[in-house]
Amino acid sequence: MTRYSALSLIRQGLAGHRGWAPAWRSAAPKPRYDVVIIGGGGHGLATAYYLAKNHGIRNVAVLEKGWLGGGNTGRNTTVIRSNYFFPESAAVYDLALRLYEKLSNDLNFNIMLSQRGLLFFAHSRHEMELFSRSVNAMQLNGIDAELLDADDVRKLVPILNFSDSARFPVWGAFYQGRGGIARHDAVAWGYARGASALGVDIIQNCEVAGFRVEGGRVAAIETNRGVIEAGAFGLAVAGHSGVMAAKAGFRLPITSYALQAMVSEPVKPILHTVAISPATGTYVSQSDKGELVFGGGLDLHPSYAQRGNLPVIETVVAGLTEMFPIFRELKMLRKWAGLVDVVHDSSPILGPSPVEGLYLNCGWGTGGFKAIPAGGYLLAHIIATGRHHTYSAAFDLNRFASGALVDEAAAAGIPH
Amino acid sequence: MLLIACPFCGPRDETEFRYGGESHIARPGPSSQISDERWGDYLFNQRNSKGLHLERWCHGAGCGQWFNIARNTVTHEILAVYKMGEPAPEGLE
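Rules and cut-offs
- Residues numbered from 1 in each chain as written.
- Chains lettered and ligands numbered in written order.
- Predicted model: local features only at pLDDT ≥ 70, side-chain atom pairs only at ≥ 80, totals over all residues.
- Heavy atoms only, no water.
- Helix = DSSP H or I, 4+ residues; strand = E, 2+ residues; numbered from the N terminus.
- Buried < 20%, exposed > 50% of the residue type's maximum accessible area, 1.4 Å probe, protein only.
- Contact = heavy atoms within 4.5 Å.
- Areas by Shrake-Rupley, 256 points an atom, 1.4 Å probe, with all protein chains shown as cover.
- Pairing = 2+ DSSP bridges.
- Axes fitted to C-alpha atoms, helices over the stretch in contact; angles between N-to-C directions.
- Buried area = accessible area lost by both parts, 1.4 Å probe.
- Salt bridge = Lys/Arg side-chain N within 4 Å of Asp/Glu carboxyl O.
- Polar contact = N/O pair within 3.5 Å; in protein donor to acceptor, adjacent residues only side chain to side chain.
- Phe/Tyr/Trp six-rings, centres within 6.5 Å; stacked < 30°, edge-to-face > 60°.
- Lys NZ or Arg CZ within 6 Å of the ring centre and 35° of its normal.

Peer 1: What am I meant to see in the overall build of chain A here?
Peer 2: Within chain A one finds eleven helices and 18 strands. Of all 416 residues assigned to chain A, the portion counted as buried reaches 57%. Summarising the internal contacts of chain A: among those between residues at least 6 apart in sequence, 75% fall at separations of at least 24. Summed over its atoms, the accessible surface of chain A is roughly 16,500 Å², and 53% of this surface lies on carbon and sulfur atoms.

In structure tokens:
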């Protein structure tokens, strides 16, 4: 692997950029691996990277039915934050944020992390009271959450609708300064490059057709590129988790929905933080290219179509233009949707599946991108050691039998 | 975007309706004989089918009635609408 540096950039620049090597090897599948990860998005690639780097397990393959990062990793709105209500959630998402903070150096790949701060707006006195409780909980979880009043918010985002006629007046916000955005493709590509350099086989256009279960244990998988055996399998396929589970003979507490996002035409820098409004159902940030990247709630019904539904777009755009009257003249460039794996308590599922030898990393729902480093780190730990990490134990599938849900759905009540 | 034929009010825009989960899930019982695993399975696990999906809807902003829809979750095509308590239409089970 060629290390990227200012020096290598100058050298390549002088040579007309003709000497760059591909960032990862595109491998053909071998008949057997120690570990096979199904799903070549951020979580799958991160799992393979940490298996090789932290646990020395390098005879690993990542299978992707399309192209790397072509699912939710390339379809999200790139928001990163760790301000969660329950200690179990805050631990996982802050692990992800701490790993993100060092990821560009760790991977020698610029993921363009921009910790520009993140605001959740309160639009009534009652919301301010609830937010005050949430901020207290987050601070107890060790998260850098602050409660801001309307004047503080106005200094950060002067273009918000502060007029007397505002349908959703801003009463204040809670703020996480370490929150922000990163380049989503770069996260997938960086992990792929790092994993490939450590010996991991990255196999694209390889779709899993079925599992060969012998004596209650997954022995091999059937793919469109042949049968592949492995000592352990990891599943990181987000919205398609239920489809894969059915092939392996079990069901999951997951419903797949389309979650939409859209971008405006590019404009000069005007919005310097990530802005989220639970009441209007809209959140927005401005990309480095100048486009406003925004989205909102789930589509109204379960879906496996990677495209969105007009009523939700109307709600999101109405919320955006109400909050930011200055954006009313903007044109939209495009919109798209990803398939998110929604769980009743809006918390992930990490750990063993009902079938031996198959491990789960799913249920991140609308918040998978921000969790990529932690999802990969924890699944790698579980596969390598056969035991839960302290941080992952609360997110085992068995919580749906024991009743010990980590109910972020009730705590936040919004997509995140 | 869906045009849903409410069995009571006729075709209406999807924004008048609310999705209410998978249809035909029988509550296991008696509860004293149901294990935690079986109860958790009943409460939480989903078929979450890719393709044909049988699901309950409520015409919340109309007549308020519940009914069943057989729908394709990839194309969003509505294949059948039938009343609560009725079995799935033949060929769509």
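Peer 1: Looking at this structure, how should I read the sheet that holds strand β6 (residues 78-83) of chain B?
Peer 2: Residue and element names in this part refer to chain B. Strand order across the open sheet formed by four strands is β3-β4-β5-β6, with antiparallel pairing between neighbours. A strand with exactly one partner marks an edge of an open sheet, and here the two such strands are β3 (18-22) and β6. In this sheet, neighbouring strand axes are inclined to one another by 30 degrees on average, regardless of whether the strands run parallel or antiparallel.

Peer 1: Please clarify how the interface of chain A and chain B should be interpreted in this entry.
Peer 2: If you look at the interface, chain A gives 25 residues, while chain B gives 24 residues. Buried surface at the junction of chain A and chain B, both sides included, amounts to about 2,100 Å², of which 52% is carbon and sulfur. Counting the surface chain A buries against chain B, the share from its top three residues, A:R251, A:H301 and A:Y304, is 31%. Counting across the chain A and chain B interface gives one salt bridge. Salt-bridge contacts for A:R251 lead to B:D41; the nearest nitrogen and oxygen are separated by 3.1 Å.

Peer 1: Hey, could you run me through the pattern of salt bridges in this one?
Peer 2: Side chains that differ in charge, positive against negative, can pair when their charged atoms come close. Residues and elements named next belong to chain A. Applying the stated rule across the entire model yields 19 salt bridges over all chains. Between R98 and D94 there is a salt bridge whose closest N-O contact spans 2.9 Å. With a gap of four residues between them, R98 and D94 both fall in helix α3 (residues 87-107), about one helical turn apart. One salt-bridge network, held together by shared partners, links D94, R98, E101, D144 and R178.

Peer 1: Quick question: what am I supposed to make of the pairing of strand β11 (residues 226-235) of chain A here?
Peer 2: Side-chain direction in a regular strand flips from residue to residue, so the side chains alternate between the two faces of the sheet. Residue and element names in this part refer to chain A. For strand β1 (residues 32-38) and β11, the ladder comprises six bridges, and the chain directions are parallel. Note on β11: the bridge partner recorded for I37 is G234. Where strand β10 (residues 217-223) hands over to β11, the hairpin turn is made up of two residues, counted between the paired strands. Alignment of β11 against strand β18 (residues 358-362), held across three bridges, turns out to be parallel. Counterpart to F233 in the pairing with β18 is L358.

Peer 1: Please clarify how the pairing of strand β12 (residues 254-264) of chain A should be interpreted in this entry.
Peer 2: Residues and elements named next belong to chain A. Among the eleven residues of β12, eleven are classified as buried, and the element is accordingly described as predominantly covered. For β12 and strand β16 (residues 332-343), the ladder comprises eleven bridges, and the chain directions are antiparallel. Looking at β16, one finds that A261 is bridged to W336. Examined bridge by bridge, β12 and strand β15 (residues 292-302) share five bridges and lie antiparallel to one another. Note on β15: the bridge partner recorded for Y257 is P302.

Peer 1: Is there a simple way to think about the environment of A:C362 in this case?
Peer 2: Residue and element names in this part refer to chain A. Structurally, the position occupied by C362 is in strand β18. On the basis of relative accessibility, which here comes to 2%, the residue C362 falls in the buried class. C-alpha separation for the pair C362 and L235, spaced 127 residues apart in sequence, amounts to 7.7 Å.

Peer 1: Sorry if this is basic, but what is going on with helix α7 (residues 241-248) of chain A here?
Peer 2: Think of an α-helix as 3.6 residues a turn; residues three or four steps apart then line up on the same face. All names here are of chain A. Among the eight residues of α7, six are classified as buried, and the element is accordingly described as predominantly covered. For α7, the full list of buried residues reads S241, G242, V243, M244, A245 and A248. Once α7 ends, the next one or two residues include G249, with phi positive near 95 degrees.

Peer 1: Looking at this structure, I do not really get the environment of A:H123. What am I missing?
Peer 2: Residue and element names in this part refer to chain A. Examined against the element boundaries, H123 turns out to sit in the loop between β4 (118-122) and α4 (125-140). Residues H123 and R167, spaced 44 residues apart in sequence, show a C-alpha to C-alpha distance of 9.2 Å. For H123, the contacting residues outside a window of four places in its chain are F168, P169, V170, W171, S277, A279 and M323. Reaching out from H123, the side chain makes a polar contact with the backbone oxygen of F168 at a distance of 3.1 Å.

Peer 1: It is not clear to me how the sheet that holds strand β13 (residues 274-277) of chain A should be interpreted in this structure. Could you clarify?
Peer 2: Strand pairing in a sheet is mediated by backbone hydrogen bonds. Such pairs are either parallel or antiparallel. Residues and elements named next belong to chain A. Read from one edge of the open sheet, eight strands run β5-β6-β4-β13-β14-β15-β12-β16, paired in mixed fashion. Here the strands that pair on one side only, and so sit at the sheet edges, are β5 (145-149) and β16. Each strand of the sheet is rotated relative to its neighbour by a mean of 25 degrees, with strand direction disregarded. Helix α8 (residues 310-323) contacts β4, β12, β13, β14 (282-286), β15 and β16 of the sheet and is inclined by roughly 145 degrees relative to β15.

Peer 1: Before we go on, may I ask you to explain the packing of aromatic side chains in this structure?
Peer 2: Pairs of aromatic rings are described using the distance from one ring centre to the other and the angle between the two planes. Residue and element names in this part refer to chain A. Counting across every chain of the model gives 17 aromatic pairs over all chains. Their ring planes at 40 degrees and their centres at 5.8 Å tell us that Y100 and F369 sit as a pair that is tilted. Of the two residues, Y100 sits in helix α3 while F369 sits in the loop between β18 and α9 (372-385), which places them 269 residues apart along the sequence. By the burial criterion, Y100 is buried, and F369 matches it. Lying across the ring of F168, R167 places its NZ or CZ 4.6 Å from the centre. Note that R193 overlies the ring of Y4, its terminal NZ or CZ placed 3.7 Å from the centroid.

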